[in-house]
Amino acid sequence: TIISIGEKIVYLIFFHLSFVMFVWSYWKTIFTRPANPSKEFCLPKAEKERYEKEERPESQQEILWRAASTLPLYTRTGAGAIRYCDRCQVIKPDRCHHCSACDMCVLKMDHHCPWVNNCVGFSNYKFFILFLAYSLVYCLFIAATVLQYFIKFWTNELNNTAKFHVLFLFFVAAMFCISILSLFSYHLWLVGKNRSTIEAFRAPVFRTGSDKNGFSLGFRKNIAQVFGDQKKYWLLPIFTSQGDGLTFPARLVNADAEQATVTLHPDSNKWRGILFSENTSFCLSAFRKQG
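Residues numbered from 1 in each chain as written. Predicted model: local features only at pLDDT ≥ 70, side-chain atom pairs only at ≥ 80, totals over all residues. Heavy atoms only, no water.

1. Side note on the overall build of the protein
Applicable threshold: Only DSSP runs of H or I covering at least 4 residues are called helices, and only runs of E covering at least 2 are called strands; the numbering of each starts at the N terminus. Residue exposure (1.4 Å probe, protein chains only): buried if accessible area is under 20% of the type maximum, exposed if over 50%, otherwise partly exposed. Whether two residues touch is decided by their heavy atoms; if any such pair falls within 4.5 Å, the residues are in contact. For every accessible area listed, the method is Shrake-Rupley and the probe measures 1.4 Å; residues are considered covered only by the protein chains on display.
Helices and strands together make up the secondary structure of the protein, namely eight helices and 10 strands. For the protein, with 291 residues in total, the buried portion stands at 42%. The long-range share in the protein, meaning contacts at least 24 apart out of those at least 6 apart in sequence, stands at 56%. For the protein, the exposed area adds up to about 17200 Å²; of that, 61% sits on carbon and sulfur atoms.

2. So, the packing of aromatic side chains
The line we're drawing: Classification of ring pairs uses Phe, Tyr and Trp, with its six-membered ring standing for Trp, and accepts pairs whose centres are within 6.5 Å; under 30 degrees between planes counts as stacked, over 60 as edge-to-face, and the remaining range as tilted.
A full pass over the atoms with the stated rule returns 22 aromatic pairs. Between F14 and F141, the aromatic rings sit 5.1 Å apart at their centres with planes inclined by 40 degrees, giving tilted as the arrangement. Of this pair, F14 sits in helix α1 (residues 5–31) while F141 sits in helix α4 (residues 125–154), and the two are 127 residues apart along the sequence. Note on F141: relative accessible area 13%, which makes it buried. Clustering of aromatic rings is evident, with ring pairs tying together Y11, F14, F15, F19, F22, Y26, F128, F131, Y138 and F141.

3. Describing the UniProt feature "transmembrane region" (unreviewed entry) in the protein
We apply this condition: UniProt positions are given in the numbering used here, feature names are shortened, and annotations may be inferred rather than shown by experiment.
Within this structure's numbering, the places UniProt gives as "transmembrane region" (unreviewed entry) are residues 9–27, 127–154 and 166–189. Overall, residues 9–27 shows 100% helix and 0% strand. The separation of its end C-alpha atoms is 27 Å. Within residues 166–189, the helical portion is 100% and the strand portion 0%, while the C-alpha atoms at the span's ends are 34 Å from each other.

4. Comments concerning the nonpolar core
Operational definition: Think of a nonpolar core as a cluster: buried Ala, Val, Leu, Ile, Met, Phe, Trp, Tyr and Cys residues, connected wherever their side-chain atoms sit within 4.5 Å.
Ranked by size, the top nonpolar core spans 24 residues in total, and within it L43, Y51, L64, L73, Y84, I91 and L107 carry the most contacts. Residue assignment for this core shows that the elements contributing at least two residues are α3 (57–68), β1 (84–85) and β2 (90–91). For this core, the element with the highest residue contribution is α3, accounting for four residues. V120, F128, I180 and I223 belong to the second-largest nonpolar core, a separate cluster that totals 23 residues.

5. Overview of unusual backbone geometry
In this model, Q89 sits at a positive phi of 60 degrees, which is unusual for a non-glycine residue. Here Q89 lies in the loop between β1 and β2. Since its relative accessible area comes to 26%, Q89 is described here as partly exposed.

6. A word on α1
Selection criterion: Multiplying one less than the number of residues by 1.5 Å gives the expected span of a helix. Here a polar contact is recorded for every N or O atom pair within 3.5 Å, except that within protein the pair must consist of a potential hydrogen donor and a potential acceptor, and residues adjacent in sequence are included only if both atoms are side-chain atoms.
With 27 residues, α1 extends 39 Å from end C-alpha to end C-alpha; this agrees with the ideal 39 Å at 1.5 Å per step. All of the buried residues along α1 are S18, M21, F22, S25 and T29. The N-capping residue of α1, defined by a side-chain oxygen 3.5 Å from the backbone nitrogen of G6, is S4.

7. Topic: the packing of α1 against α4
What counts, and what does not: All axes here are fitted lines through C-alpha atoms, helices being fitted over the stretch that makes contact, and every angle between N-to-C directions spans 0 to 180 degrees. For classification purposes, angles smaller than 35 degrees are called roughly parallel, those larger than 145 roughly antiparallel, those between 65 and 115 roughly perpendicular, and all remaining angles oblique. If you view the pair so one helix is near and one far, a crossing is left-handed when the near helix is turned anticlockwise from the far one by less than a right angle, and right-handed when it is turned clockwise. Gly counts as polar in this scheme, as do all residues outside two lists: the nonpolar Ala, Val, Leu, Ile, Met, Phe, Trp, Tyr, Cys and Pro, and the charged Asp, Glu, Lys and Arg.
Close contact between α1 and α4 brings their axes to 8 Å; oriented N to C, the two are set at 150 degrees. What the angle tells us is that α1 and α4 run roughly antiparallel. Considering how the two elements wind past one another, α1 and α4 form a crossing that is left-handed. Counted together, Y11, F14, F15, S18, F19, M21, F22, S25, Y26, K28 and T29 of α1 and F127, F128, L130, F131, Y134, S135, V137, Y138, F141, I142, T145 and Q148 of α4 form the full contact between these two elements. Partitioning the contact of α1 with α4 into residue classes produces 16 nonpolar, six polar and one charged.

What follows is the structure in structure tokens.
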């Protein structure tokens, strides 16, 4: 149906470029294994045995507090306790959640996506965003190039054999455009706010309480958290996200230096909370930030 050779070349180049980038990012999203907590977040064997033998939740929390004292943790449960996964038997790093479908704890888990049959998290979140972007571009290209023939269908300028193909192709491309556009826009908003889908519905809890913007560092830094510092790699499905997935810079973790910090101190085999003085609290917060 296209007579111009130049137009054919442009169509072929743009089609295959968008198609290759779509398949590449889709492949990376599917086959990139979700990142899991490292061994340092696992309880030592002796502590694990003690934890399993304990029946009182208070005693179990004492064991977790002692094991977590050397870990870079800033978030807590809604009740202020250490976040621990009984299924994986690990102390959960910040922004880590257990996926029941994958049966594992996933670093910076966003959601489990049935479209890719994989968990979307720290290791493949950039690939997922690019998958949405290139699938949207691909569907827009299909819908735009078929539009003129869709119009000809209503004016009865198409033969009978092409009518069904044009109708099917245009409607499928258009429907996918609408659905993907809404999902893509939502995840771009999440990236700009430095939130995961889980954090958008349930704000993370810090020492000072829950804060939905606790990990937000400003729009530019939030974008760099997912896509990296070098803009030339932003559109390529290669891993460039910042950090290791275990620790994340937080906005208000050390904002209030005068607030007393509660820690645990052993006394006659019992753990009790001690309020440090103002200077000690500030030094402890600085030490945790350095660590």
